[in-house]
Amino acid sequence: MFHLFGFCELQHFHVNKKHHAAIRELIGKNETTDVTHEELYDALSRIAAITGTLEIVNTNYTNLSFLVSLFVIFSVREERFGYDLIIVNNSKLENMANGALLTSSANIRIEDNPLLDPNCSHVLQYYSHHRRIRGNRFNCGCELEVALTDKNINNVEDYCDAVFGSLYLFGPNVPQPEILTKKFGRAKFVIGEIAIVSTNYTNFSFLQSVSRIELFYNRFGESIDLSSILFERLLPKSVVLAPNALERYV
């Protein structure tokens, strides 16, 4: 396994085909570089691990196949702050081409790549925590940061595969149930919290596909799977669950 350390700008990156193991710089890639995709593939395609931060920003590449062997980034950032993998503002990037698909725990930012399919099956399996993925062709789930209302619900994508963050619905100005079903009816899990307070909903069928809720941090910094607590126990008796609706809840 070859390992990449440190940081450099690739405008001055020199390819050495014979000494892959001697590469000691981390990629800081932008449009001003004259390094071609082919040169990067020759230099980096055997790199399996990086220590530091990998940034691919403002490039003209259509895929990241030159990172096909990379599966782990060893972080040097302080605690939970910052990101280990940053892929931002790459206007022509269409797919990962099996490159930079990490299988280790890492903070991920993939943002504003309008043509990019980041490989949602991989993203949903490995990038459930500490992620900022938005502004791409596919974002592989919906990231929520504020309480949802009838005014801001259209900012949420339709047909979310998963929900990340806080799904808060506080009456009375909450979205209509049919709109919520369009947004969240396909979501299979929630990484974060759900709070539905003081609404007039008669059922929660918009959460009909959710089978797991996980709150990532407790006071010890550990992951907690909350799906062992029965949802029905926390519901008022006047609320009726739709068929196949959420069975377990915080």
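Being a predicted model, the structure only gives us computed values, none of them experimental.

K.L.:
Where do I start with the environment of P114 in this structure?
P.N.:
Structurally, the position occupied by P114 is in the loop between β7 (108-111) and α2 (120-126). Taking the C-alpha atoms as reference, P114 lies 7.9 Å from L93; in sequence the two are 21 residues apart. Leave out the neighbours within four places in its chain, and P114 touches N90, S91, G135, N136 and R137.

K.L.:
What am I meant to see in the state of the cysteines here?
P.N.:
Every disulfide links exactly two cysteines, by a covalent bond between their sulfur atoms. The tally for this structure, following the rule as stated, stands at two disulfides. In this model, C120 is linked to C140 through a disulfide, with the two sulfur atoms separated by 2.1 Å. Because the sign of the S-S torsion sets the handedness, a value of about -80 degrees for the bond joining C120 and C140 places this disulfide among the left-handed ones. Taken together, the residues C120 in helix α2 and C140 in the loop between β8 (131-134) and β9 (142-144) connect sequence positions 20 residues apart. Accessibility expressed as a relative area gives 3% for C140, which makes it buried. A sulfur-sulfur separation of 1.8 Å characterises the disulfide bridge that pairs C142 with C160.

K.L.:
How should I be thinking about helix α3 (residues 177-184) in this particular structure?
P.N.:
For an α-helix, 3.6 residues make a turn, and residues three or four places apart therefore share a direction. Burial in α3 covers these residues: L180, K183 and F184. Across the axial projection of α3, the buried residues extend over an arc of 70 degrees, all falling on one side. Contacts made by the buried residues of α3 are with β9 and β10 (163-170).

K.L.:
Is there a simple way to explain the environment of S91 in this structure?
P.N.:
By the secondary structure assignment, S91 is in the loop between β6 (85-88) and β7. Overall, the relative accessible area of 38% leaves S91 in the partly exposed class. Non-local contacts of S91, meaning those with residues more than four positions away in its chain, are made with T59, N60, P114 and L115.

K.L.:
Is there a simple way to think about the environment of C120 in this case?
P.N.:
Under the relative-accessibility criterion, C120 is labelled buried at 18%. Separated by 19 residues in sequence, C120 and N139 have C-alpha atoms that sit 7.6 Å apart. For C120, the residues in contact, after removing those within four places along its chain, are F138 and C140.

K.L.:
Is there a simple way to think about unusual backbone geometry in this case?
P.N.:
Across the chain, the bulk of peptide bonds are trans and the bulk of non-glycine residues have phi less than zero. Residue P172 follows G171 across a cis peptide bond; omega there is 5 degrees. Relative to the helices and strands, P172 is located in the loop between β10 and α3. The backbone of D112 sits at a positive phi, close to 60 degrees, despite the residue not being glycine. The partly exposed category is assigned to D112, whose relative accessible area is 37%. With a phi angle near 55 degrees, H130 is a residue other than glycine that sits in the positive phi range.

Procedures and definitions
- Along each chain, the written sequence defines residue order, and numbers are assigned to residues from 1.
- The model is predicted, so local features are restricted to residues of pLDDT at least 70 and side-chain atom pairs to those at 80 or more, both for listing and for counting; the totals for chains, interfaces and linings are taken over all residues.
- For side-chain calculations, the full set of non-hydrogen atoms in the structure is used, while hydrogens and water are omitted.
- Where helices and strands are cited, they refer to DSSP runs of H or I of at least four residues and of E of at least two residues respectively, numbered from the N terminus.
- Whether two residues are in contact is decided by their heavy atoms: any pair within 4.5 Å suffices.
- In plain terms, two cysteine sulfur atoms within 2.5 Å form what is called a disulfide here.
- When accessible area is computed with a 1.4 Å probe and restricted to protein chains, residues below 20% of their type maximum are described as buried, those above 50% as exposed, and intermediate ones as partly exposed.
- Our arc is simply the arc of the directions from the helix axis toward the C-beta atoms.

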